[in-house]
Structure formats: C-alpha cells, structure tokens
Amino acid sequence: MTSVDLNGIGMTSQRTRERLIQRLVDQGISDMVVLDVIRTTPRHLFLDEAMAHRAYEDVALPIGFQQTLSQPYIVARMTELLLGAGPRRRVLEIGTGSGYQTAILAQLVEEVYSVERIKPLQQKARQRMRRLRLRNVHMNHADGGMGWPERGPFDGILAAAAPEHIPEDLLQQLAPGGRLVIPVGGASQHLQVVDRTHEGYETRIIEEVNFVPLRSGTVR
Ligand code: SAH
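Think of each chain on its own: its residues are numbered from 1, step by step along the sequence as written. Per-residue local features of the predicted model are confined to residues with pLDDT of at least 70, and side-chain atom pairs are confined, for both listing and counting, to 80 or more; whole-chain, interface and lining totals are unaffected and use all residues. Only hydrogens and water are removed before side-chain values are computed, so all heavy atoms of the structure are retained for them.

### Examining the sheet that holds strand β8 (residues 189–196)
In this description, strands pair whenever DSSP reports at least two bridges between them. In this text, helices come from DSSP runs of H or I with a minimum length of four residues, and strands from runs of E with a minimum of two, each type numbered from the N-terminal end. One open sheet holds the 7 strands; their spatial order is β5-β4-β3-β6-β7-β8-β9, and the pairing between them is mixed. The outermost strands of the open sheet, each flanked by one partner alone, are β5 (137–141) and β9 (201–209). Each strand of the sheet is rotated relative to its neighbour by a mean of 15 degrees, with strand direction disregarded. As defined by bridge partners, strand β4 (residues 111–116) adjoins β5 across 5 bridges and the pair is classed as parallel. Its bridge partner being in β5, S114 is matched across the sheet by M139. Axis definition: a line fit to C-alpha positions, over the contact stretch in the case of helices; interaxial angles, taken between N-to-C directions, run 0 to 180 degrees.

Right, here's the structure in full:
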C-alpha cells in the first residue's frame, strides 16, 4: 500500500473536492477509507489538459480511443464492494484506461495487476503511476478477458469493461475467498459481485450500470 502526496497540486480547490466527496456520501458510499483515498487522489492528473477542469465532477470523461475515465461514484462503489469482503492482497484489474481506478486500488491493497488492451492508454497510465510514486502496480498489455494467468490466483478482480457473460478464465483465477466485481451485459448492464467459496461461486446483482464493452484482442 502506498499513499499519494498531494501537496503542491493546487489546481482545484479543496472545496471542489469536498463537494465531490459529499455527493458520493449522498449516493450511499459509506466506506471512509475509500472516501479518503478518493479525496486525496488528484483525478485531474488522469485527464488531458482540455478535460482537466471537469475532473471533480461526478461524471465519466473521455480519455481518447473511445474510452472513458470512470465516474467517481462507480469507482467508489466498485472499490467499496471489492474491499467489503475483507482486506485484499493481490488484485487484478481489467481495463487500466487512464489508471485512475488503478491508483485508488494501489493505495488500498498490497499489489495491483492491471491489464489494458490499448497500448497508448497503458503507456500514459504507467507514467501517472510513476509520477504518483505508486510502486505496487504491475501492468500488462493484453486481452484481459483471459485474466493474467501467470500472476493469479487473485483475491480480488475488478473489471472496468463489460462482457456479455463473465469469462470463465476470470472465475478460475479467483482464489477461494476471492471476490470479483464486474459489469455484465450488452445494451443493458448490471454490476455483479461473485464470491468464490470452497463450495463454488455465489453471485449477487448490485445495480444497473453503463460501461464500455470488454473487447477481445489488443491494439498497439
Ligand atoms: N477505470 C478506467 C476505465 C477505463 S474504460 C478509468 O477510470 O480510466 C475501460 C477500459 O477497458 C478501456 O481502457 C478499454 O480499452 C479497456 N478494455 C476493454 N476491453 C478490454 C480487454 N479485453 N482487456 C483489457 N482491457 C480492456
């Protein structure tokens, strides 16, 4: 676990950030540890300059390649769900994107393994991890629908792109006691939580969501 030092990053006022946190609380986010990490992580660093002024609005924002930086509410919700089953040591993230969710996770778990299929997005995200001195993040340019078998099993898996059905590989790379948080569906998607028990898998449907689709193959 690493923490981010924010001193000197004065682009947005403390008030703007507090407003975002209050909004997350109003929407039902209650894990203080998660809220604290969101409060102190500079979301504007995960956006291109033209978009940075909107960083502390509770909306998804474009990051190029038809992808988006997830809405803070959904990042908070998924992180809260992932950690809800107890501390997680090794976490796999599918869809690094800007690296914002990655940075949040890196401050809350021991090791983050993050897979992204679009190389230029991954390269930018890697620079951001370096800038924030988050050294417990491991990145892979690959199709995350297959997980990251060489580094599994994981006691947490979080997907930021939606498959039509949960990939079997992800279920297999979940350790017993592990938890998967994933949006599933096509035109209509639902956030699902899958717990691997010693007997099998238990699935819960949380709420309706709207993610970019999980795509196969990679982009150089
Ligand atoms: N949490 C990220 C979300 C980015 S959007 C953020 O806040 O920035 C989802 C990302 O998933 C995109 O970058 C997209 O390229 C990636 N993605 C989609 N399908 C994928 C796959 N099969 N493997 C790895 N990454 C994938």
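### What to know about the site of the ligand
We call a residue near a molecule or strand as soon as one heavy atom of that residue lies within 4 Å of the molecule or strand. Close to the ligand lie 24 residues; S98, E116, D143, G144 and R215 are nearest. S98 is positioned with one of its side-chain polar atoms (N or O) 2.7 Å from an oxygen atom of the ligand. Polar contacts, as counted here, are pairs of nitrogen or oxygen atoms within 3.5 Å of one another; within protein the pair requires one atom able to donate a hydrogen and one able to accept it, and residues that are adjacent in sequence qualify only if both atoms are side-chain atoms. Between the ligand and G144, the relevant distance is 2.7 Å, taken from a nitrogen atom to a main-chain nitrogen or oxygen of the residue. Per-residue accessibility takes into account occlusion by the displayed protein chains alone, with areas from the Shrake-Rupley method and a 1.4 Å probe. When isolated, the ligand has an accessible area of 570 Å², and the protein chains bury 99% of it. Here the ligand is seated within the largest pocket. Those elements that place two or more of their residues in the shell around the ligand are β2 (67–69) and β4. Top element by residues in the shell around the ligand is β2. It accounts for 3 residues. Grid points spaced at 1 Å and placed over the protein atoms alone form the basis of the search, with a cavity being a set where a 1.4 Å probe fits but cannot get out and a pocket an open set showing protein on both sides within 12 Å along at least five of seven lines. Lining residues have an atom within 4 Å of a point. In this scheme, a molecule is assigned to a cavity or pocket if more than half of its atoms are within 2 Å of the grid points.

### A few points about the nonpolar core
Only buried residues count toward a nonpolar core, which is a set of Ala, Val, Leu, Ile, Met, Phe, Trp, Tyr and Cys residues joined through side-chain atoms within 4.5 Å. Accessible area is worked out with a 1.4 Å probe on protein chains only. A residue is then buried under 20% of its type maximum, exposed over 50%, and partly exposed in between. Of all hydrophobic cores here, the largest spans 48 residues; its most connected members are L24, I38 and F46. For this core, the secondary structure elements donating two or more residues are α1 (14–26), α2 (32–40), β1 (61–64), α4 (72–83), α5 (100–106), α6 (119–131), β5 and β8. A total of 8 residues in this core trace back to one element, the largest contributor, which is α4. Here, residues are in contact when the closest pair of their heavy atoms is within 4.5 Å. Not counting residues within four places of it along the chain, the set of residues in contact with L24 comprises I29, L35, I38, D58, P72, Y73 and A76. L92, L170, L171 and V184 belong to the second largest nonpolar core, which has 16 residues in total.

### Re the pairing of β9
Across 8 bridges, β8 lies against β9 in antiparallel orientation. The partner of V194 across the bridge, within β9, is T203. The antiparallel pairing of β8 with β9 creates a hairpin that spans 4 residues between the two strands.

### Considerations on the confidence of the model for the protein chain
Atomic detail in the predicted coordinates should be set aside for any region of low pLDDT. Per-residue confidence from the predictor is reported as pLDDT, which spans 0 to 100. On average, residues of the protein chain score 94 in pLDDT, and 95% of them are at 70 or above. Scored below 50 in pLDDT, residues 5–9 makes 9 contacts in the model with residues more than four places away or belonging to other chains.

### Let's talk about empty space enclosed by the protein
Over the atoms, a rolling probe the size of a water molecule traces out where space has been left empty. Grid points are joined across faces, edges and corners, and a volume is the space filled by probe spheres set on the points. Taken as a whole and assessed by the stated rule, the structure comprises 1 cavity of 30 Å³ or more. Taken together, F46, L47, D48, P62, I63, S98, L121, K124 and R128 make up the lining of the largest cavity. Put simply, the parts of the chain that give the lining of the largest cavity at least two residues each are β1 and α6.

### Some points on the side chain of E80
Residue position: E80 is located in helix α4. Of the residues examined, E80 reaches a relative accessible area of 12% and is grouped as buried. At a separation of 2.9 Å, a polar atom in the side chain of E80 contacts the main-chain amide nitrogen of D31. Those residues in contact with E80 that sit more than four places away from it in its chain are G28, I29, S30, D31 and V34.

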